[in-house]
Amino acid sequence: MTRRSLLAGIAASTVIALTAGCGGVEAPGGGTDGGTTKVSIQIDGAAAPYYAPLYWAKEQGYFTKQNLDVEFLYADAATITKNVAANNVQFGFPNADSVIQAVANGVPDLVVHTTYQQGIGALLTLADSGITNPADLKGKTVAVTSLGSPNYVQLTAIAASAGLDVKKDLTVKVVGTGAIVSALQNKQVDAIVFSRLRYYTLQAAGVQVTQILSNQYLPSFGNVVITGQQFAKDNPKAVTGFTTALNTALQDLIDGKLPQAVEMSVQKYATSFAGQEKSVTQVMQEVFVKDLWQSDATKAHGLGYGDPAAWQNAVDAQKKYGLIQGDVRASDFVKATS
């Protein structure tokens with residue numbers, strides 16, 4: 001298949017994902033208003049205060065200062081990688097695992113900001129499940145949100161580390177995002193692979209759970225900002241402006257604006273989290289500020305830095321577990337500095 005036909009197929013198969021009610025998407029560089037370029041970013045999952053840096057960048061006018069009018073859309077990670085490549089949206093914020101798989105399959109995405117410096121997935125179990133390591137998963141029922149999700153990729157790697165095959169040694173059950181945590185609580189499944197943030201939510205609710213971080217078995221970077229290879233080539237100022245605004249917002253939150261950003265995000269974007277502002281802020285302070293947004297690499301090179309060696313390690317891990325094929329080089333699709 002040629003690159004042209006690949007992109008045509010992607011565009012045809014993913015246009016439905018930009019559903020009515022989400023708003024139209026301007027052609028890259030085609031929609032301007034007084035010098036401001038309209039762009040969209042499609043975010044993994046649904047609106048949540050954990051995406052506060054993006055919302056803060058918009059509400060504080062940081063995107064506007066970079067001559068960008070940013071619209072937020074939402075979809076699953078696999079759909080985002082395709083929509084970005086097809087120029088249905090100009091930016092995406094999916095999980096890095098899905099980006100690696102997309103690139104390995106010929107999708108021309110480019111990582112322009114490694115926002116999360118480590119993976120955010122985890123295998124969660126109830127404390128009395130008897131599951132304490134990957135080998136204990138044999139014969140168990142484990143839920144993921146879809147077979148095309150980063151959850152499934154992570155589960156595959158976790159199981160493989162103990163010599164287990166997810167298709168033969170486990171029962172994998174697909175449960176929607178809104179019900180997967182309840183499935184664990186109600187013991188409908190033995191374990192789930194989902195966001196490590198739910199560990200803190202469950203603990204706060206008095207539910208005793210254990211977690212096995214997927215990053216131990218499948219090195220990754222959680223959510224990252226991507227754009228299309230062609231869009232980046234044609235619109236370098238828009239890409240630089242977007243990451244500059246995001247870095248400004250991230251630094252605000254690191255420097256103490258996190259509580260205000262969470263409150264604003266709940267009020268304007270994620271109203272379903274009303275009443276949870278304090279707990280969300282605590283989790284973000286402990287996890288995002290300390291582990292996800294910052295690392296030794298960002299301290300040396302700046303926020304959003306994509307360490308080439310670490311990215312290649314993530315690529316090689318997926319290849320090791322048979323999740324991708326062929327020669328995939330991180331340097332071809334990851335921009336080190338934002």
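Just above, that's the structure.
Treat the numbers as computed from the prediction; the structure is a model and nothing was measured.

Draft legend 1. Structural context of the overall build of the protein chain. In terms of helices and strands, the protein chain carries 13 helices and 11 strands. Here the protein chain holds 338 residues, and the buried ones make up 52% of them. Put simply, 78% of the contacts in the protein chain that link residues at least 6 apart link residues at least 24 apart. Accessible surface computed for the protein chain: about 14,400 Å², of which carbon and sulfur atoms make up 48%.

Draft legend 2. Representation of the packing of aromatic side chains within the structure. With the rule as written, the count across this model stands at 15 aromatic pairs. With a centroid separation of 5.8 Å and an interplanar angle of 85 degrees, the aromatic rings of phenylalanine 93 and tyrosine 116 are classed as edge-to-face. Pair noted here: phenylalanine 93 is in strand β4 (residues 91-93) and tyrosine 116 is in the loop between β5 (109-113) and β6 (121-126), with a separation of 23 residues, a long-range link. Relative accessible area serves as the criterion here: at 3%, phenylalanine 93 is assigned to the buried category. Given the relative accessible area of 3%, tyrosine 116 is considered buried.

Draft legend 3. Representation of the side chain of threonine 145 within the structure. Among the secondary structure elements, threonine 145 is positioned in the loop between β7 (141-144) and α6 (150-160). What makes threonine 145 buried here is its relative accessible area of 18%. If we ignore the near neighbours within four places in the chain, the residues touching threonine 145 are Asn151, Val174, Val175, Thr177, Ile180 and Phe194.

Draft legend 4. Structural view of unusual backbone geometry. Despite not being glycine, asparagine 67 has its phi angle at roughly 65 degrees, a positive value. Mapped onto the fold, asparagine 67 is located in the loop between α3 (62-65) and β3 (68-75). Residue classification places asparagine 67 among the partly exposed positions, given a relative accessible area of 43%. Here asparagine 87, not a glycine, exhibits a phi torsion of approximately 65 degrees, which is positive. Among the structural elements, asparagine 87 can be located in the loop between α4 (77-85) and β4. Overall, the relative accessible area of 30% leaves asparagine 87 in the partly exposed class.

Draft legend 5. Local environment of the sheet that holds strand β9 (residues 191-195). Read from one edge to the other, the open sheet built from five strands follows the order β8-β7-β9-β6-β10, with strand pairing classed as mixed. The two strands at the open ends of the sheet, each matched to only one other strand, are β8 (171-174) and β10 (209-213). Between one strand and the next, the sheet's axes are offset by a mean angle of 30 degrees, whatever the strand orientation. Taken together, the two bridges between β7 and β9 define a ladder with parallel strand orientation. Bridging from a neighbouring strand, alanine 143 pairs with isoleucine 192 of β9. Against the sheet, helix α8 (residues 197-204) makes contact with β6, β9 and β10, and its axis sits at roughly 170 degrees relative to β10, the strand it touches most.

Draft legend 6. Representation of the packing of α4 against helix α5 (residues 96-104) within the structure. Interaxial distance between α4 and α5 falls to 9 Å at its minimum, and their mutual angle equals 50 degrees. Here α4 is positioned oblique relative to α5, judged by the angle of their axes. Once α4 is placed against α5, the crossing between them reads as right-handed. Contacts between α4 and α5 pair Ala77, Ala78 and Thr81 from the former with Ser98, Val99 and Ala102 from the latter. Looking at the contact of α4 with α5, its residues break down into four nonpolar, two polar and no charged.

Draft legend 7. Inspection of α4 at higher detail. Most of α4 sits inside the fold, with seven of its nine residues counted as buried. Along α4, the residues classified as buried are Ala77, Thr79, Ile80, Thr81, Asn83, Val84 and Ala85. Measuring from the side-chain oxygen of the N-cap residue of α4 to the backbone nitrogen of alanine 78 gives 3.2 Å; that N-cap residue is aspartate 76. Following α4 by one or two positions, asparagine 87 has its phi on the positive side, about 65 degrees.

Draft legend 8. How the structure looks around the pairing of β9. Counting buried positions over the five residues of β9 gives five, a clear majority of the element. The sheet contact formed by β6 and β9 spans five bridges and is antiparallel. Among the inter-strand pairings, glycine 121 is bridged to a residue of β9, identified as serine 195.

Parameters at a glance
Residues numbered from 1 in each chain as written. Predicted model: local features only at pLDDT ≥ 70, side-chain atom pairs only at ≥ 80, totals over all residues. Heavy atoms only, no water. Helix = DSSP H or I, 4+ residues; strand = E, 2+ residues; numbered from the N terminus. Buried < 20%, exposed > 50% of the residue type's maximum accessible area, 1.4 Å probe, protein only. Contact = heavy atoms within 4.5 Å. Areas by Shrake-Rupley, 256 points an atom, 1.4 Å probe, with all protein chains shown as cover. Phe/Tyr/Trp six-rings, centres within 6.5 Å; stacked < 30°, edge-to-face > 60°. Pairing = 2+ DSSP bridges. Axes fitted to C-alpha atoms, helices over the stretch in contact; angles between N-to-C directions. Parallel < 35°, antiparallel > 145°, perpendicular 65-115°, else oblique. Left-handed = near helix turned anticlockwise from the far one by under 90°. Nonpolar A, V, L, I, M, F, W, Y, C, P; charged D, E, K, R; others polar. Polar contact = N/O pair within 3.5 Å; in protein donor to acceptor, adjacent residues only side chain to side chain.

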